[in-house]
Amino acid sequence: MSTAQYIFTETQYVQELERLQVIEKIFDPTSHQRLKSTGINTNWRCLEVGAGAGSITQWMADIVGEKGQVVAVDLDTRFVANLEASNVEVVEGDIQHLPLDKQSFDLVHARYVLIHNPDVHKVLSKLLELVKPGGWIVLEEPDFAAARALAGEDFACQAVNNVNRAIEQMFTARGMDYGLGAKLPALLQSYGLQSFAVEVDTHLSQGGSGIATMMNMSTRQLAEKYLATGAVTQADIDHYGRFAEDSNSWAIYYATVGVIAQKQ
């Protein structure tokens, strides 16, 4: 994935850091449980792809201990460059092209990474070749096809659904699959991974909740891209923001599909 393909690359530093930290606060507890289910332990060598603001990297580093290692990869490492753990290596670049040793990781984790890649198979093949035999891969991807407004003023619900269409069109125009999460289990099965667990979190959320707030932040940052699709107006984006803050509103903003698989 090139930097140009990542939809948040052009956003401002403070806004993007705040958005990533909100994502961590909301989703880290569930990611922790999925990672724990692999048996992650001291001395493991782990890879975090799309390290973001660094919370999962730091969490894994604490578990694997001084004799373990966590490699944190991101296209933009500005938010993890100052991680001080001696067992963390930060690498900036595209995971597809980094010279990492094959079959060298006990655990590979990526959250909301594959959806930003037009060639999902190429990226997934790279990740799987990095996993040791008997090692684990944990992937978490969104399914925006599940998104819809459920309760709120009619005009606001229509605005939310218009923004959802803009999200679909933005991803599609970039050759990306906005419903990737739902296809993740079958995709992994096609690589011969038979022993895996599948978990689905449908984020039915009230206005003012963490997920609604995070999606409102994303919508503000990506407003120009959404407007460029022609599916929304500025009024739609403004109504979306008020809907996301209204405690009487309810929506499924998207679903997250988590897959935990062991490589034979």
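Residues numbered from 1 in each chain as written. Predicted model: local features only at pLDDT ≥ 70, side-chain atom pairs only at ≥ 80, totals over all residues. Heavy atoms only, no water.

Caption draft 1: View of helix α8 (residues 234-245). The end-to-end C-alpha separation of α8 is 17 Å, in line with the 16 Å expected for 12 residues at 1.5 Å each. Within the sequence span of α8, burial applies to D236, I237, Y240, G241, F243 and A244. The buried residues of α8 all sit within an arc of 165 degrees when viewed along its axis, so they share a single face. Exposed residues pointing more than 90 degrees away from the buried face of α8 are listed as R242 and E245. Buried residues belonging to α8 abut β6 (148-151), α4 (154-173), α6 (210-221), α7 (223-229) and β8 (250-262). (Helix = DSSP H or I, 4+ residues; strand = E, 2+ residues; numbered from the N terminus. Expected span 1.5 Å × (residues − 1). Buried < 20%, exposed > 50% of the residue type's maximum accessible area, 1.4 Å probe, protein only. Arc of directions from axis to C-beta. Contact = heavy atoms within 4.5 Å.)

Caption draft 2: Representation of the pairing of strand β1 (residues 45-49). Taken across its 5 residues, β1 has 4 buried, putting it largely inside the fold. Direction of pairing for β1 relative to strand β2 (residues 69-74): parallel, over a ladder of 5 bridges. Across the sheet, the residue bridging to R45 is Q69, located in β2. Running through helix α2 (residues 55-64), the crossover from β1 to the neighbouring parallel element β2 is right-handed. Taken together, the 4 bridges between β1 and strand β4 (residues 105-111) define a ladder with parallel strand orientation. Bridge pairing in β4 links E48 to H109. (Pairing = 2+ DSSP bridges. Right-handed = clockwise from strand over helix to strand, strands pointing away.)

Caption draft 3: A look at the nonpolar core. L47, I95, I137 and Y253 are the most contacted members of the largest nonpolar core, which has 62 residues in total. In contact with Y253, other than residues within four places in its own chain, are F144, A147, H203, S205, I211, A212, M215, Y240, F243 and A244. (Core = buried A, V, L, I, M, F, W, Y, C linked by side-chain atoms within 4.5 Å.)

Caption draft 4: Here's a closer look at the environment of V163. For V163, the position within the fold is in helix α4. Here the alpha-carbon distance between V163 and H203, two residues 40 residues apart in the chain, equals 17 Å.

Caption draft 5: Region of interest: the packing of aromatic side chains. Under the counting rule described, the total for this entry stands at 6 aromatic pairs. Between F27 and Y112 the ring centres are 5.6 Å apart and the planes differ by 80 degrees, which places this aromatic pair in the edge-to-face class. Note that F27 is positioned in helix α1 (residues 13-36) and Y112 in the loop between β4 and α3 (120-130), a separation of 85 residues in sequence. Accessibility classification places F27 together with Y112 in one group, the buried group. Between F144 and F171 the ring centres are 5.9 Å apart and the planes differ by 25 degrees, which places this aromatic pair in the stacked class. Separated by 27 residues along the polypeptide, F144 in the loop between β5 (131-143) and β6 and F171 in helix α4 bring together distant segments of the chain. (Phe/Tyr/Trp six-rings, centres within 6.5 Å; stacked < 30°, edge-to-face > 60°.)

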